[in-house]
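# Structural characterization, general
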Amino acid sequence: MPLPLFLPCAAGVEEWLFEEVRRLLPETSPTRIERTRGGVALEGEPLEVMTLNLESRLAQRVLIEVAEGPYAHENDLYELARTVDWQQWITPQHTLRVDTTAQRSPLRSLNFAALRIKDAVCDQLRDATGERPSVDIRQPDLPLVLHAGAERAALYVDSSGESLFKRGWREDVGDAPLKETLAAAMLAAAGWRGTPPAGGALHDPCCGSGTIAIEAAQIACGIAPGLKRRFGFERLLPFSSAEMRAQLQRLRSAAQARIHASAVPIFASDVSFRMVDFARRNAQRAGVEAAIVFNGGDALERPAPVLPAELPGTLMINPPYGERMEVGGKAGRPPAQRRDGPEVRHATGDDGGDNRALPDDFFARLAAHWKRAYTQHPAGWTAHVLSPDMKLPSAMRLKESRRVPMWNGPIECRLFRFDLIAGSTRPARVQEP
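Since we're looking at a predicted model, the values are computed, not measured.

This next bit is on unusual backbone geometry. The backbone phi angle of Arg104 is positive, close to 55°, even though this residue is not glycine. Phi angles above zero are rare outside glycine, and Arg397 is one such case at about 55°. Position of Arg397 among the secondary structure elements: in the loop between α10 (392-396) and β14 (402-408).

Take a look at the structure:
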């Protein structure tokens, strides 16, 4: 029997997640997949739950809806949770945790709502077996998510466990690392697919701990994002049979067998050699160290990578913004020190930064460097910059050809596209979906 599923994602990513789900589940009827605000809803079999967890780069979680209905107060939520046969999911020896989200909910306390859901699960199992499960807030066997709307509530089993942005390879990080799911969304929005005609080569000149470059390399090498990690569903009864374990092993084996060498070069550099070392170690754990060329160097000075004349290139950068990290390299020096003075502070894109700490002309000088270094390539370069500053094109003195709304956590951003074509930096008409 198909299960009602919901795959939440960052705001602005719904369209690309919808296309990803259709690609991952080609035999699923398109009518069973629906774009909704904040994610994608569909009906899926247990095998498809496993596939989505293993293969999705854009979903934050794979949630299984187990109950939905009207409510007015916490007791209604208790009764809603009692309609689920929890013996089909866990035993009293399992542990659970309840997380809550709300939108225009009349409830005064979400913590009390979570407590009533927990009571319903425990009471039902105690009535049936004489024992009740325990709560584990760190690593529960049964993670539950309650979403309370204005009049109706939905209860989900979180089949992912830890959020899917945790790929299992990133151990060395900076102060504010970019989530892997957002890096994948930036690549999807740019149309970069890791092939010569779909984006060509890739360069992140402010790579930080390497998230964008590593995510790109895994795409180019055909590596499933969940291949290095475990999932919450593996501890739940519907997925614990020998047949289900064998199916999961077949999915992992098939994903392992399709890994191949990248067809395009990928470059990552950073002004901080410490962060380059972090990025290289993360890439090694991710299985893509050989697919990425790492270098140290200031983003305002490093020359463009040398590419075959027919191969286009994509610049992908998450420059400093927000109160996350300080500035360094050429951009961090006082004007009198920019030619030969010492580097005073560190700036990196992947792991954040602070636009208010940047010199006023940083982005103008970055764009000027791109015009000098990247517009001479015959096949052209395309630059994609993630920023919350809606006036960034003016600061860079460039006209964008596209701006895509995208959220970095609570920060509303735009992914700006600039076409750096030989002989011209004039773009196509601006579009904002």
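Alright, that's what it looks like, and here's the rest.
Strand order in the open sheet formed by eight strands is β2-β3-β1-β4-β8-β7-β5-β6, with mixed pairing between adjacent strands. For this open sheet the edge positions go to β2 (33-36) and β6 (134-135), each flanked by a neighbour on one side alone. Across two bridges, the pairing between strand β5 (residues 95-102) and β6 is parallel. Its bridge partner lying in β6, Leu96 is registered against Val135. Where helix α1 (residues 14-24) meets the sheet, it contacts β1 (3-8), β2 and β3 (39-44), and its direction lies at approximately 170° from that of β2. Set on the sheet, helix α4 (residues 110-129) makes contact with β5, β6, β7 (142-148) and β8 (152-158); between it and β5 the angle comes to about 145°.

Right, let's get into the confidence of the model for the protein. Averaged over every residue, the pLDDT of the protein is 88; residues scoring 70 or more account for 87%. Overall, residues 352-357 carries pLDDT values under 50, and its contacts beyond four positions in sequence, including any with other chains, amount to 26 contacts. The model gives residues 424-431 a pLDDT under 50, and that stretch makes 19 contacts with residues more than four places away or in other chains.

With that settled, consider the packing of helix α5 (residues 180-189) against helix α6 (residues 211-221). Axis separation between α5 and α6 bottoms out at 9 Å; the angle between their running directions is 65°. Taken together, the axes of α5 and α6 are roughly perpendicular relative to one another. As for how α5 packs across α6, the hand of that crossing is right-handed. Where α5 approaches α6, its residues Glu180, Ala183, Ala184, Met186 and Leu187 are matched on the opposing element by Thr211, Ile212, Glu215, Ala216 and Ile219. Class assignment for the residues of the contact of α5 with α6 results in seven nonpolar, one polar and two charged.

Attention now moves to the packing of aromatic side chains. In total, this model carries six aromatic pairs according to the counting rule given. With a centroid separation of 5.6 Å and an interplanar angle of 5°, the aromatic rings of Phe231 and Phe233 are classed as stacked. Across this residue pair, the class does not change: Phe231 and Phe233 are buried. Taking 5.0 Å as the distance between ring centres and 85° as the angle between the ring planes, the aromatic pair formed by Tyr374 and Trp381 counts as edge-to-face. With respect to class, Tyr374 is no different from Trp381; both count as buried. Members of the aromatic cluster, each reached through a chain of ring pairs, are Phe231, Phe233 and Phe239. Geometry around Phe18 places Arg35 over its ring, the cationic atom sitting 4.1 Å from the centre.

Criteria and thresholds
- Residues numbered from 1 in each chain as written.
- Predicted model: local features only at pLDDT ≥ 70, side-chain atom pairs only at ≥ 80, totals over all residues.
- Heavy atoms only, no water.
- Helix = DSSP H or I, 4+ residues; strand = E, 2+ residues; numbered from the N terminus.
- Pairing = 2+ DSSP bridges.
- Contact = heavy atoms within 4.5 Å.
- Axes fitted to C-alpha atoms, helices over the stretch in contact; angles between N-to-C directions.
- pLDDT = per-residue confidence, 0-100.
- Parallel < 35°, antiparallel > 145°, perpendicular 65-115°, else oblique.
- Left-handed = near helix turned anticlockwise from the far one by under 90°.
- Nonpolar A, V, L, I, M, F, W, Y, C, P; charged D, E, K, R; others polar.
- Phe/Tyr/Trp six-rings, centres within 6.5 Å; stacked < 30°, edge-to-face > 60°.
- Buried < 20%, exposed > 50% of the residue type's maximum accessible area, 1.4 Å probe, protein only.
- Lys NZ or Arg CZ within 6 Å of the ring centre and 35° of its normal.

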